[in-house]
Amino acid sequence: MHIPDNYLSPATCAVMAVAVIPAWVVSVRKVSKDLPKEKVPLLGIGAAFSFLIMMLNVPVPGGTTAHAVGGTLLAVLLGPYAACLSISTALLIQALVFGDGGILSFGANCFNMAFVIPFLGYFIYKFVKDRVTTKRGEYIGLAIASYIGINFAALCDAIEFGLQPLIAKDAAGLPLYCPYPLSVSIPAMLIPHLTLAGIAEAAFTVAIVAFVTKTSPGTVYVGSPVKTKPLYALIVALVVASPLGLLAAGSAWGEWGPDEIKDVVNGGKPLGFVPAGMESGFHFSAPMQDYGLKGVPDIVGYIISAILGAAIFIIVYKLLGLLKKDKGGSAIKAKA
Amino acid sequence: MEGIPAWLGFRENYEPRADRGHYLEKNVLSILRTLAALRERPGCGKDIELLRPEVAFISTFLLILLVSLSRGWFFLETAAAFEFGCLCLLRGELIARIVKKVLVAGIFTVAIFAPAILIGRGGGVLILCSKVLLAVLAMAIFSAATPWPSIAAAMSVLHIPSIFIMTLDMTIKYISLLGGLVLDMLYALKLRSVGRDERKMSSLGGLAGTLFLKSKDAAETQYQAMECRCFSGSYITKPRSRYGWREAILVGADLVMLVSFVAFGITR
């Protein structure tokens, strides 16, 4: 679901970036006002979760791959505003350090994964939760919310891809950026997400929320103790499991490199050309491209990337937690 | 009004000229900062801070050695993952202190290598800068997470000569003690100088001289006190706790680093 650079026209990238800015501004305001200082590091743990979950690719029909995002999961654990910031940070590090997702398309990726999934997922979850009385009903609501959340994001992704051939063409009428129209992009994006990625997202969300509610209830409920040890244990488990993402060979739909797209088969025939915008567009070379390191087995690179990524998020948010001003109550408590 | 000198009849508003040079303030502040850093007792019983210091010491030494010997990016990235993993387990305050130290080292290194980069010979500079940063980070994590008494204990377990440990121990204690003394003298000087004092710098000699005399006195008193308490100059440490799972994880991580260095780090 990470849109690389040069798949969207610069104009689309600009529009998507402008669209996501209000979400960031409101989220920053809400988080700095409502989230207590001691809970800020949880944002880092959340970002690490999302980062690791996105590394676990699942193979889908057609030879491509898809992954869960953990957007609804973070929205339920931290609130949708904090989730928006956590996932945006995860996407930023992925783009800058690991070359997953583009720099120009960062706004579009944030809109789809950091805005649509947490907010939509959270509101569906709230809607169901307020109408059921049992724990089981709540978990079913959670599964539905996360399933709809990721699929709606995939639809947004598909629309952004599919609009490109309509709005950006060269003199010969060939598309400059993503070459596939809506009739191709929507089924190509939605089928993998409706089948496997959506189910993976729902399964991850329910399993992790159930685990966290049991081991560290304070993360979800106000007034209960926040225990970080089980959360760290979960992160270590995800780091160890991250090479499973390598089992799914091939790129995700819409994430091919310029060298791959020419040979991508659609409707029985290969594309046969590289769109001009992709060939001569913006290219950024990340230090650890595709979570790999030169000259070492992929599995080693994947684990090192997973540890580095997760640690960076936790460190950054622990430092941000220091910057956040203490509210009167907690300052007095600290003194006592 | 008879009998009162005329000058007493005038109302005087004496406004001292603003002083130039803030050398007193600057000195006071820098001494306060050093003392605060020395007197602070880190290590309040959090996970990584509970590690047996000798294991942490050997691990840090090994890591710095491997980082310096490695010849390519692969091992440096592995070491970065290991160090970042350790760093994220510390408290926010300690992380902030470590990051500041590493940033200063980074700026310094880049400044030193700037001429090489400017004349176009910066090929290997990036790798060299990364090595410096990783070595400083490893050392900063060790020193921030290990309180001084534990470091001294670790040194004695590792059979480092007692005279060396004692010198270090005394130095740290006396920097703190004499620092307090200098601070008092600087305050005294500040209270006694009103307005612009052109000869303030000349008091520096007096300050240093007094400090020397005081430290000489303190050294003699210390020697006598140690003799009275039968201190023979050897540091004996009582075994505290047994090695536990924390140490096992660290040793395991060290082995992984060693294997990855032998497998990939020498060439890549």
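Residues numbered from 1 in each chain as written. Chains lettered and ligands numbered in written order. Predicted model: local features only at pLDDT ≥ 70, side-chain atom pairs only at ≥ 80, totals over all residues.

## Concerning the overall build of chain A
Argument step 1. Looking only at helices and strands, chain A has 12 helices and four strands in total.
Argument step 2. Whereas a compact globule of 336 residues would reach a radius of gyration of roughly 20 Å, chain A reaches 20 Å, a difference of no more than 12%.
Argument step 3. Principal-axis analysis of the C-alpha atoms places the extent of chain A at approximately 75 × 45 × 40 Å.
Argument step 4. Looking at chain A as a whole, 49% of its 336 residues qualify as buried.
Argument step 5. Taking the intrachain contacts of chain A between residues at least 6 apart in sequence as the baseline, contacts between residues at least 24 apart amount to 75%. (Helix = DSSP H or I, 4+ residues; strand = E, 2+ residues; numbered from the N terminus. Rg over C-alpha atoms; globule rule 2.2 N^0.38 Å. Buried ≥ 20, exposed ≤ 12 C-beta atoms within 10 Å, placed from the backbone. Contact = placed C-beta atoms within 7 Å.)

## Examining the overall build of chain B
Argument step 1. A count of helical and extended segments in chain B gives nine helices and zero strands.
Argument step 2. Listed by position from the N terminus, the elements making up chain B come as α-α-α-α-α-α-α-α-α.
Argument step 3. For chain B, restricting intrachain contacts to residue pairs at least 6 apart in sequence, the fraction spanning at least 24 positions comes to 86%.

## Quick word on the environment of Val184 of chain A
Argument step 1. Assignment of secondary structure puts Val184 of chain A in helix H7 (residues 182-215).
Argument step 2. The spatial distance from the C-alpha of Val184 of chain A to the C-alpha of Ala276 of chain A is 20 Å, given a sequence separation of 92 residues.

## Focus on the interface of chain B and chain A
Argument step 1. Between chain B and chain A, the residue contacts involve 16 residues of the former and 15 residues of the latter.
Argument step 2. If you list the elements that add at least two residues to the side of chain B that touches chain A, you get helix H3 (73-87) and helix H4 (92-118) of chain B.
Argument step 3. Considering every element that reaches the side of chain B that touches chain A, the biggest residue donor is H3 of chain B, with eight residues.

## Some thoughts on the confidence of the model for chain B
Argument step 1. With 84% of its residues at a pLDDT of 70 or more, chain B has an overall mean of 79.
Argument step 2. Across the whole predicted complex the pTM is 0.75, and at the interface the ipTM reaches 0.76. (pLDDT = per-residue confidence, 0-100.)

## Here we look at the nonpolar core
Argument step 1. Counting 143 residues, the largest nonpolar core has Ala48, Leu52, Ile235 and Ala310 of chain A together with Ile141 of chain B as the members making the most contacts within it.
Argument step 2. The element best represented in this core is helix H5 (residues 106-129) of chain A, accounting for 14 residues. (Core = buried A, V, L, I, M, F, W, Y, C linked by C-beta atoms within 7 Å.)

## Structural notes on the packing of helix H1 (residues 10-34) of chain A against helix H4 (residues 80-98) of chain A
Residue and element names in this part refer to chain A.
Argument step 1. With their axes 8 Å apart at the nearest point, H1 and H4 run at an angle of 120 degrees to one another. Looking at the two axes, H1 sits oblique to H4. Considering how the two elements wind past one another, H1 and H4 form a crossing that is left-handed. Contacts from Ala23, Trp24, Val26, Ser27, Val28, Lys30 and Val31 of H1 reach H4 at Tyr81, Ala82, Cys84, Leu85 and Ser88.
Argument step 2. Taken together, the residues that form the contact of H1 with H4 break down as nine nonpolar, two polar and one charged. (Axes fitted to C-alpha atoms, helices over the stretch in contact; angles between N-to-C directions. Parallel < 35°, antiparallel > 145°, perpendicular 65-115°, else oblique. Left-handed = near helix turned anticlockwise from the far one by under 90°. Nonpolar A, V, L, I, M, F, W, Y, C, P; charged D, E, K, R; others polar.)

## As for the packing of H3 of chain B against helix H5 (residues 125-145) of chain B
Each pair of packed helices can be summarised by the angle the axes make with each other and by the distance between the axes.
All names here are of chain B.
Argument step 1. Running from N to C, H3 and H5 point in directions that differ by 30 degrees, and their axes come no closer than 10 Å. The angle between H3 and H5 places the two elements in the roughly parallel class. Helix-helix and strand crossings are classified by hand; for H3 and H5 the assignment is left-handed. Residues Leu76, Ala79, Ala80, Glu83, Cys86 and Leu87 of H3 pack against Ser130, Lys131, Leu134, Leu137, Ala138 and Ile141 of H5.
Argument step 2. Residue composition of the contact of H3 with H5, grouped by class: nine nonpolar, one polar and two charged.

## Description of helix H6 (residues 148-157) of chain B
Since the α-helix advances by 3.6 residues per turn, residues separated by three or four positions end up pointing in the same direction.
All names here are of chain B.
Argument step 1. Listing the buried residues of H6 in full gives Ser150, Ala153, Ala154 and Met155.
Argument step 2. Residues of H6 that are buried sit in contact with helix H2 (53-69) and helix H7 (162-192).
Argument step 3. One or two positions beyond H6, positive phi appears at His159, with a value near 60 degrees.

## Re unusual backbone geometry
Argument step 1. The phi angle at Asn6 of chain A is positive, at roughly 70 degrees, despite the residue not being glycine.
Argument step 2. Here Asn6 of chain A is to be found in the segment before H1.

## Quick notes on the confidence of the model for chain A
Residue and element names in this part refer to chain A.
Argument step 1. Residues at a pLDDT of 70 or more form 90% of chain A, whose mean pLDDT is 82.
Argument step 2. Within chain A, the lowest mean pLDDT, 39, falls on helix H12 (residues 328-335), and the highest, 93, falls on H5.
Argument step 3. Taken as a whole, residues 328-336 scores under 50 in pLDDT and shows four contacts with residues more than four places along the chain or in a different chain.

## Overview of helix H2 (residues 40-55) of chain A
Argument step 1. Under the 1.5 Å per step criterion, the end-to-end length of H2 of chain A is 24 Å for 16 residues, consistent within 8% with the ideal 22 Å.
Argument step 2. Burial runs high along H2 of chain A: 16 of the 16 residues are buried. (Expected span 1.5 Å × (residues − 1).)

## Considerations on the environment of Leu238 of chain A
Argument step 1. Considering the arrangement of structural elements, one finds Leu238 of chain A in helix H8 (residues 229-241).
Argument step 2. Not counting residues within four places of it along the chain, the set of residues in contact with Leu238 of chain A comprises Leu52 and Ile53 of chain A.

## Section: the environment of Ser70 of chain B
Argument step 1. Along the chain, the position of Ser70 of chain B falls in the loop between H2 and H3.
Argument step 2. The spacing of Ser70 of chain B and Phe264 of chain B is 194 residues in sequence and 9.1 Å in space, taken between C-alpha atoms.

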